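# Structural overview
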Amino acid sequence: MNAKTNSIRNPQALLTLSAVGLLFVTGLFAQSPAVVAKDAWARVPAPSKMETAAYMVLENRGSERRSVVSASSDMAEKVEMHEMKLIKSEKPAMNMGKSMDKAADKPADNSMMAMTPLSEIAIPAKGKTELMPNGIHLMLFGLKTRPAPGDTLTVTLKLDDGTTVPVQAKVRN
Amino acid sequence: MQGVRLALLRAVVSMAALSALSCHRAELPILPVGGGFTLTDHNGGRFELSSLRGKAALIFFGYTSCPDACPTTLSKLASVYRRLGDDAKQVKTLYISVDPERDTPAVLKADLASFHVDALGLTGTKPEIDKVVALYGASYEIIPTPNSAAKYTVAHSTSLYGIDRAGRTRILFSYDATVEEIVTGLRSILASRVE
């Protein structure tokens, strides 16, 4: 009697093995992500645009640093990660006249708010990262329908460990 | 150095604004930036700053595809208008686009209508806009973003210019100025003498 016939003749052992295997597989996929998204909201899009920014607090309950590596939504063609930062204009201030003396008493604002696309959003271990105006935001491009205040936009964040985080962003002005 | 000078100027201006409120005889300084200009308004007509005479104005530079900074400023200005009460009728907001390629008068009109602000969107040819940017000591830069659906982004300065009834720049509000500071500053501007 070989092992194969033995296992077939012992259906209880087969069932136990299958159950253990199933538990292992579901354990892998059902593992709750260490990161949760809280207080998510999105702006009502400008009337001429089908795009908008979304904000939230990302909380990492795990003991390892995690990062969001991409984001997607069934409600938009593309979701990007952006950061707003103050940068200095590299060009000489545009108000500079021919005479430097003249320029000296004329104030120039060469500090500019600029958007930079991000490839990841890091969330420290046991810490949080806030996506808020004037900082990091998600940008939803190509919204399929125009959301109104009170509507919910759903976004899925993909983390560097392969897990995903669901986000429900309330639309408001 | 320029930044330090601007910060100092802002501090002096804020103090002047506050003292003007507590003592109506104190006058706000006239700042050496700004002045008259002509652009196209969001109804497609020519607009001259001088046509506002009798009203105070808030001027800022932005663009309607701005993901974050411009909507933040416009939301703040909606609160400023609410707080101004009856004085709100005396203040016009001028939103000067630094993205004439995308911001046509129709786009400006549609997008500004969603904010409760008495705002007029202004645009023009690039040379026309550059002239006004230079006049106000503002800055902007078109930055290509080939990996983004945005295609390009426009970095821009965020100061808000407080203009008196004679079209002169009296207060430079920084981007992080509070609603309270802007309301106080505007009341000082409205109370200032116009020769």
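Treat the numbers as computed from the prediction; the structure is a model and nothing was measured.

## Looking at the overall build of chain A
A tally of regular secondary structure across chain A gives three helices and ten strands. When contacts within chain A are restricted to residue pairs at least 6 apart in sequence, long-range pairs at least 24 apart make up 69% of them.

## Notes on the interface of chain B and chain A
Taken together, the 38 residues of chain B in the interface contact 32 residues of chain A. Put simply, the parts of the chain that give the side of chain B that touches chain A at least two residues each are α1 (2–22), α2 (69–84), α3 (105–112), α4 (126–135), β6 (140–145) and β7 (151–157) of chain B. Its residues assigned to classes, the side of chain B that touches chain A comprises 18 nonpolar, 16 polar and four charged. By the bridge criterion, two bridges tie strand β5 (residues 111–118) of chain A to β7(B) in an arrangement that is antiparallel. Following the sheet pairing, M112(A) is matched in β7(B) by S157(B).

## Examining the packing of α2(B) against helix α5 (residues 179–191) of chain B
Residues and elements named next belong to chain B. Two numbers describe how α2 lies on α5: the axes approach to 9 Å, and their chain directions differ by 50°. Compared by their axis directions, α2 and α5 come out oblique. For the pair α2 and α5, the sense of crossing is right-handed. Along the contact surface, α2 presents K76, S79, V80, R83 and L84, while α5 presents V179, I182, V183 and L186. Class assignment of the residues belonging to the contact of α2 with α5 gives a composition of six nonpolar, one polar and two charged.

## Focus on α5(B)
Residues and elements named next belong to chain B. Taking 1.5 Å per residue as the helical rise, α5 with its 13 residues ought to reach 18 Å, and the 18 Å between its terminal C-alpha atoms agrees with that figure. Buried within α5 we find I182, G185, L186, S188 and I189. Around the axis of α5, the buried residues are gathered within 160° of arc, so they sit on the same side.

## Quick notes on the confidence of the model for chain B
Residues and elements named next belong to chain B. On average, residues of chain B score 89 in pLDDT, and 86% of them are at 70 or above. Overall, residues 1–9 carries pLDDT values under 50, and its contacts beyond four positions in sequence, including any with other chains, amount to nine contacts. In the predicted assembly, ipTM is 0.82 and pTM is 0.82.

So, how was this worked out
- Here the residue numbers are simple positions, counted from 1 along each chain's written sequence.
- Lettering of chains starts at A and numbering of ligands starts at 1, both following the order in which they are written.
- With the structure being a predicted model, the display of local features is reserved for residues of pLDDT at least 70 and the display and counting of side-chain atom pairs for 80 or more, all residues being used for whole-chain, interface and lining totals.
- Per the convention used, a helix needs a DSSP run of H or I reaching at least four residues, while a strand needs a run of E reaching at least two, with both numbered from the N terminus.
- Residue pairs are scored as contacts if the distance between their C-beta atoms, which are placed from the backbone, is within 7 Å.
- Lys, Arg, Asp and Glu make up the charged group, whereas Ala, Val, Leu, Ile, Met, Phe, Trp, Tyr, Cys and Pro make up the nonpolar group; the residues left over, Gly among them, are polar.
- Any two strands are treated as partners once DSSP identifies two or more bridges connecting them.
- Only the stretch in contact is used when fitting a helix axis, every axis being a line fitted to C-alpha atoms; angles between N-to-C directions are given from 0 to 180 degrees.
- Here is the rule for angles: anything less than 35 degrees is roughly parallel, anything more than 145 is roughly antiparallel, 65 through 115 is roughly perpendicular, and the remaining ranges are oblique.
- Definitions for this section: a left-handed crossing has its near helix turned counterclockwise from the far helix by less than a right angle. A right-handed crossing has that turn clockwise.
- What a helix is expected to span follows from its residue count: subtract one and scale by 1.5 Å.
- Any residue with 12 or fewer other C-beta atoms within 10 Å of its own C-beta is exposed, any with 20 or more is buried, and the rest are partly exposed; the C-beta atoms used are placed from the backbone.
- What the arc measures is the spread of directions leading from the helix axis to the C-beta atoms.
- Per residue, pLDDT measures the predictor's confidence, with a range of 0 to 100.

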